[in-house]
Amino acid sequence: MDTQYGGLNKMSNSGLNMSRRIRRTPYTEKVIEAGVSGFTVVNHMLLPKSYKATVEEDYWHLSKNTQIWDVSCQRQVQIIGEDATKLIQLMSPRSIKDMPIGKCYYYPMIDENAGMINDPVLLKLNENKYWLSVADSDVLLWAKGLAVGRNFKVDIIEPDIYPLAIQGPKSEELMSSIFGEKIKKLKFFHFSFFEYEGTKQVIARSGYSKQDGFEIYLKGFSLGKKLWETIWEAGKDFNISPGCPNLIDRIEGGLLSYGNEFTLENNPIECGFDNYCNNLSHDFIGKNALKKILKME
Ligand code: THG
């Protein structure tokens, strides 16, 4: 079955006891074909953890070439509606007052004690439509709870979107060979729309590595296999390999992982997110607690 819940039999040698609670991605079959040697689970969805190379070999490959990563577990929490901006702003010390459409923000979210709820990438699609591209915690439920409690006019869902990352210095050449020269104009942490198989897809210049790279927010599970194959074929000219977030690159680049290096027990200042907490003129949950930590009161 071609869904998040299908293909159980193909996973029987993964070591994971598969059930509907561990969701497959549109790329899982391709990932297995490419020789994945282990998975973890993030946001109740499979994330490849390793292929054949060692972490060191993989690091050197990533720093010189291009890689294709199944990061579908970066689930989107889509918030649409006349109160969408209000709800998004309520959840973070980072102001979105001047956020333009087409921009991505790294967006620490905190609770009433200034504990980290999540550290998503926020995308602004239009004045009333946002995606929170979340790390491993159930942001959808937190957002829904707040929306119900405050009577906000919003619609909150997890849309049918499966991010695929292309990372490494040769990514720009690879991506422009498929999506055109316009790819080269994308600036870091900006996104735009690109045509693929008669559909419009969001592509951002971003990713969980310190090398250059892109993230395709593929809309439509059924297009996944084809997209992987398209990139894999074109990638042969660029020494492409399958990959996943690389521990060496991530730590070297200071990219933290929610649930690993920090949790709800930590505040954003402890995490080094001071830069995203420097304008506290708007109202948000945890403001008083954060001010105390910053010794502002
Ligand atoms: N991409 C997308 N969603 C994600 C991640 C991602 N969701 C989960 C997880 N990763 C969230 N964590 C991070 C951490 C760091 C960055 C992105 C997501 C990152 N930071 C840059 C830096 O630190 O230099 C840029 C920050 C900025 O300029 O705002 O890229 O990887 N879609």
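Remember, predicted model here, so these are calculated numbers, not experimental data.

Attention now goes to the confidence of the model for the chain. Mean pLDDT for the chain: 95, with 97% of residues reaching 70 or above. Highest mean pLDDT in the chain belongs to strand β9 (residues 129-133) (99); lowest belongs to strand β1 (residues 38-42) (95).

What the rule picks out here adds up to 16 salt bridges. With a shortest N-O distance of 3.4 Å, E29 and K225 are connected by a salt bridge. A residue pair is termed long-range when its members are at least 10 positions apart, and E29 in helix α1 (residues 28-33) and K225 in helix α7 (residues 224-235) qualify at 196 residues. A relative accessible area of 28% means that K225 is categorised as partly exposed. Notably, a salt bridge pairs K86 with D83, separated by 3.5 Å at the nearest N-O pair. Classification of K86 as exposed rests on a relative accessible area of 52%. Each of the salt bridges in this network shares a partner with another, and the network as a whole consists of R23, R75 and E158.

Next up on the list: the environment of A165. Tracing the chain through its elements places A165 in strand β11 (residues 161-167). A relative accessible area of 0% means that A165 is categorised as buried. Beyond its immediate chain neighbours, meaning those up to four positions away, A165 contacts Q67, I68, W69, V71, F214 and E215.

Ranked by size, the top nonpolar core spans 38 residues in total, and within it Y27, M175, F179, I203, I216, L227 and I231 carry the most contacts. Listed by contribution, the elements that provide at least two residues to this core are β1, β2 (45-50), β3 (67-70), β11, α5 (171-179), β12 (191-196), β14 (213-219) and α7. Sort the elements by how many residues they give to this core and β11 lands first, with 4 residues. Those residues in contact with Y27, other than ones at most four positions away along the chain, are D70, S72, Y162, P163, L164, L218, G224, L227 and W228.

With that out of the way, let us pick up the site of the ligand. Among the 17 residues in the neighbourhood of the ligand, the closest are listed as Q74, S133, K210, E215 and Y217. Contact distances for the ligand include 3.4 Å between an oxygen atom and a backbone N or O atom of Y208. Across the complex, the protein chains shield 85% of the 650 Å² of accessible surface that the ligand would expose by itself. Here the shell around the ligand is built from residues that sort into 10 nonpolar, 3 polar and 4 charged.

We now examine the packing of α5 against α7. α7 packs onto α5 with a crossing angle of 120° between their chain directions and a minimal axis gap of 10 Å. Taken together, α5 and α7 sit at an angle that is classed as oblique. Along this stretch, α5 crosses α7, giving a crossing that reads as right-handed. The segment α5 lies against α7, with L174, S177, I178 and F179 engaging L227, T230, I231, A234 and G235.

Definitions and limits used
Residues numbered from 1 in each chain as written. Predicted model: local features only at pLDDT ≥ 70, side-chain atom pairs only at ≥ 80, totals over all residues. Heavy atoms only, no water. pLDDT = per-residue confidence, 0-100. Helix = DSSP H or I, 4+ residues; strand = E, 2+ residues; numbered from the N terminus. Salt bridge = Lys/Arg side-chain N within 4 Å of Asp/Glu carboxyl O. Buried < 20%, exposed > 50% of the residue type's maximum accessible area, 1.4 Å probe, protein only. Contact = heavy atoms within 4.5 Å. Core = buried A, V, L, I, M, F, W, Y, C linked by side-chain atoms within 4.5 Å. Near = heavy atom within 4 Å. Polar contact = N/O pair within 3.5 Å; in protein donor to acceptor, adjacent residues only side chain to side chain. Areas by Shrake-Rupley, 256 points an atom, 1.4 Å probe, with all protein chains shown as cover. Nonpolar A, V, L, I, M, F, W, Y, C, P; charged D, E, K, R; others polar. Axes fitted to C-alpha atoms, helices over the stretch in contact; angles between N-to-C directions. Parallel < 35°, antiparallel > 145°, perpendicular 65-115°, else oblique. Left-handed = near helix turned anticlockwise from the far one by under 90°.

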